[in-house]
Every structure is written in C-alpha cells, then in structure tokens.
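# Fold and contact review
So you can see what is in the structure, the chains are spelled out below.
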Amino acid sequence: MRIDIVTIFPEFFSVLDVSLLGKARSGGLLDLHVHDLRSWTTDRHRTVDDTPYGGGAGMVMKPEPWALALDELLRPDGSSTLVVPTPAGTPFKQSIARTLADEPHLVFACGRYEGIDARVFEWAASRCSVVELSLGDYVLNGGEVAAMAMIEAVGRLVPGVVGNPESLVEESHEDGLLEYPSYTKPASWRGLDVPDVLLSGHHARVGAWRHEQQLERTRRVRPDLLPDA
Ligand code: SAM
C-alpha cells in the first residue's frame, strides 16, 4: 500500500520510522511519503492561508496549493482515496480502517487553521474517492495527529505488518465488542490474583469467560456499541 501525507508540518511524521510501522516501511510493506504543502506554493512567502469569505475568526487554507499537490499525487486512473481528517467528518472506526486497508493508495490532507477551502474536496471528488473522517468529538489544532492515528490503525491491518495475524482478530471493535481484560505472570501479584478460569487450561471455559467479560465491559463502558455487536 502507498500512503502520501500532505502537511505544513512534515516533522510531525518522524514517528513513522518507529516500531511496527517503521519496520513495515523499511521492509517495503508500507510505502509512506510525507510532503510539505508549501512546496506547492508559488509566492515568495510560501503562503498557504487567507482570510475567510463571510468574515469570522481565523484563516482558511487556500485551494491552489492543495490542487497542485493533488494534481501530482492522485493517480490518473482514479484508484486513489483522499482522506481528509476533520472534526466535521464521519467518526473513524475499525470497520473504516478495514475498508481503507484494502485500498491501494491513500492520500491524507492535513488541514490547519479553520480547515481547507471546501471547493478542494468538491473538485477532488471528480478524480478520486474522498472521505472526510473525524477522530472524535473534539477539536485538534491540525490534521496531523488524526492522520497519524488513522495511518497506524489502517497500517497494522495491512497483511504482514503485524507478525501474528491472529492477534488482530480478538481485539476491541473487531466483533463490535470491547476486549476482555488480559493478564500475564505472576499469577498472584501484590495481593491480586489472576481469575482461576485462566489457569484452568480449559479452552472452552476460557472462551466463555472472555466473551462474558466482553459483554460486561461493553455494557458498562460503551452501551452504545451493543445494538451493532
Ligand atoms: N474549524 C474547524 C471545525 O470547526 O470543524 C476545525 C479546524 S481545526 C482547528 C484544524 C484542523 O485540525 C482541521 O482542519 C482538521 O484537519 C484537524 N482536526 C481537528 N479536530 C479533528 C478531529 N476531531 N478529527 C480529525 N481532524 C481534526
């Protein structure tokens, strides 16, 4: 999979060289490229923003540098997907991460200020699919942190990135429920014991206990998930 990221802060993405994504990148499983939006500006000050039409506080990102960037980065055959992190987008979920992990080419457009001129996405929609995604119901300063989270969630689903594919199956949100609690050695620690059933070696009982724990935790912490689970 190829991923291009366009931002005015390329340095945010130095973490892409760390841990599993870093390995996937150096091993050629993920072809990640970070671009500075300002390299597509044409004025001496490398301007990327201007005042909003209609008035109001803050600045808006100008359309032309984005269009020049996308002219260069989007594939001419329409197979690219433009991902736009925005608090006004569809909530990003595991099911969306799965869909994006099947795409051959993602381009992340990281907004700043009050966001990007809306015509950019209208124009881009005639050349590729465009998805506007929110990381959650809060406002960040820019799209970089949201893009990073989405790239990590998508990247770990690309075959080969996580060594043992089974570890991707029994996770929170994969079957619509939250994950059961996990424990490791020692069996007794600071007066707290691992539940007996996990020491029993009885796979069916362990499975039933874990499912019950998933239901209990989901009911308690995220009852909104239950109708879909
Ligand atoms: N004026 C925008 C609004 O109210 O919808 C918020 C702009 S925010 C200060 C600047 C940029 O941060 C956005 O363009 C977007 O790229 C990013 N951003 C902020 N919150 C986000 C969230 N919850 N999910 C994804 N991206 C977010």
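Residues numbered from 1 in each chain as written. Predicted model: local features only at pLDDT ≥ 70, side-chain atom pairs only at ≥ 80, totals over all residues.

## Focus on the UniProt feature "binding site: S-adenosyl-L-methionine" (unreviewed entry) in the protein
This chain's UniProt record puts "binding site: S-adenosyl-L-methionine" (unreviewed entry) on Gly111, Leu135, Gly136, Asp137, Tyr138, Val139 and Leu140. Take Asp137: there are 7 C-beta atoms within 10 Å of it, and that puts it in the exposed class. Taking the C-beta count within 10 Å as the criterion, Val139 has 9 such neighbours and is therefore assigned exposed. (UniProt positions renumbered as here; feature names shortened; annotations may be inferred. Buried ≥ 20, exposed ≤ 12 C-beta atoms within 10 Å, placed from the backbone.)

## Observations concerning the confidence of the model for the protein
For the protein, per-residue confidence averages 96 on the pLDDT scale, and residues scoring 70 or more make up 100% of the total. Scored by ipTM, the complex comes to 0.99, with pTM at 0.96. (pLDDT = per-residue confidence, 0-100.)

## Let's talk about the sheet that holds strand 6 (residues 105-109)
The five strands are arranged 2-1-6-5-7 in an open sheet whose pairing can be described as parallel. Whereas interior strands pair on both sides, the edge strands pair on one side only; in this sheet they are strand 2 (31-36) and strand 7 (129-134). Along the sheet, successive strands turn relative to each other by an average axial angle of 25 degrees, direction set aside. (Pairing = 2+ DSSP bridges. Helix = DSSP H or I, 4+ residues; strand = E, 2+ residues; numbered from the N terminus. Axes fitted to C-alpha atoms, helices over the stretch in contact; angles between N-to-C directions.)

## Quick word on the environment of Asp36
Along the chain, the position of Asp36 falls in strand 2. C-beta crowding within 10 Å serves as the criterion here: with 16 such atoms nearby, Asp36 is assigned to the partly exposed category. For Asp36 and Arg112, which are 76 residues apart along the polypeptide, the C-alpha to C-alpha distance reads 13 Å.

## Focus: the site of the ligand
Around the ligand sit 19 residues, and of these Pro85, Gly111, Gly115, Gly143 and Ala146 come closest. Secondary structure elements with two or more residues in the shell around the ligand: strand 5 (80-91) and helix 5 (143-155). Tallying contributions element by element places strand 5 first for the shell around the ligand, with four residues. Partitioning the shell around the ligand into residue classes produces nine nonpolar, eight polar and two charged. (Near = placed C-beta within 6 Å. Nonpolar A, V, L, I, M, F, W, Y, C, P; charged D, E, K, R; others polar.)

## Looking at the nonpolar core
Nonpolar side chains in soluble globular proteins generally cluster together in the buried interior. Counting 42 residues, the largest nonpolar core has Val6, Val83, Val107, Phe108, Ala109, Ala147 and Met150 as the members making the most contacts within it. With six residues, the top contributor of residues to this core is helix 5. Excluding residues that lie within four positions of it along the chain, Phe108 makes contacts with Ile3, Ile5, Val6, Val83 and Ala147. (Core = buried A, V, L, I, M, F, W, Y, C linked by C-beta atoms within 7 Å. Contact = placed C-beta atoms within 7 Å.)

## Describing the UniProt feature "domain: tRNA methyltransferase TRMD/TRM10-type" (unreviewed entry) in the protein
UniProt's feature table lists "domain: tRNA methyltransferase TRMD/TRM10-type" (unreviewed entry) at residues 1-226, given in the numbering used throughout. Here residues 1-226 runs as 29% helix and 19% strand, with 33 Å between its end C-alpha atoms.

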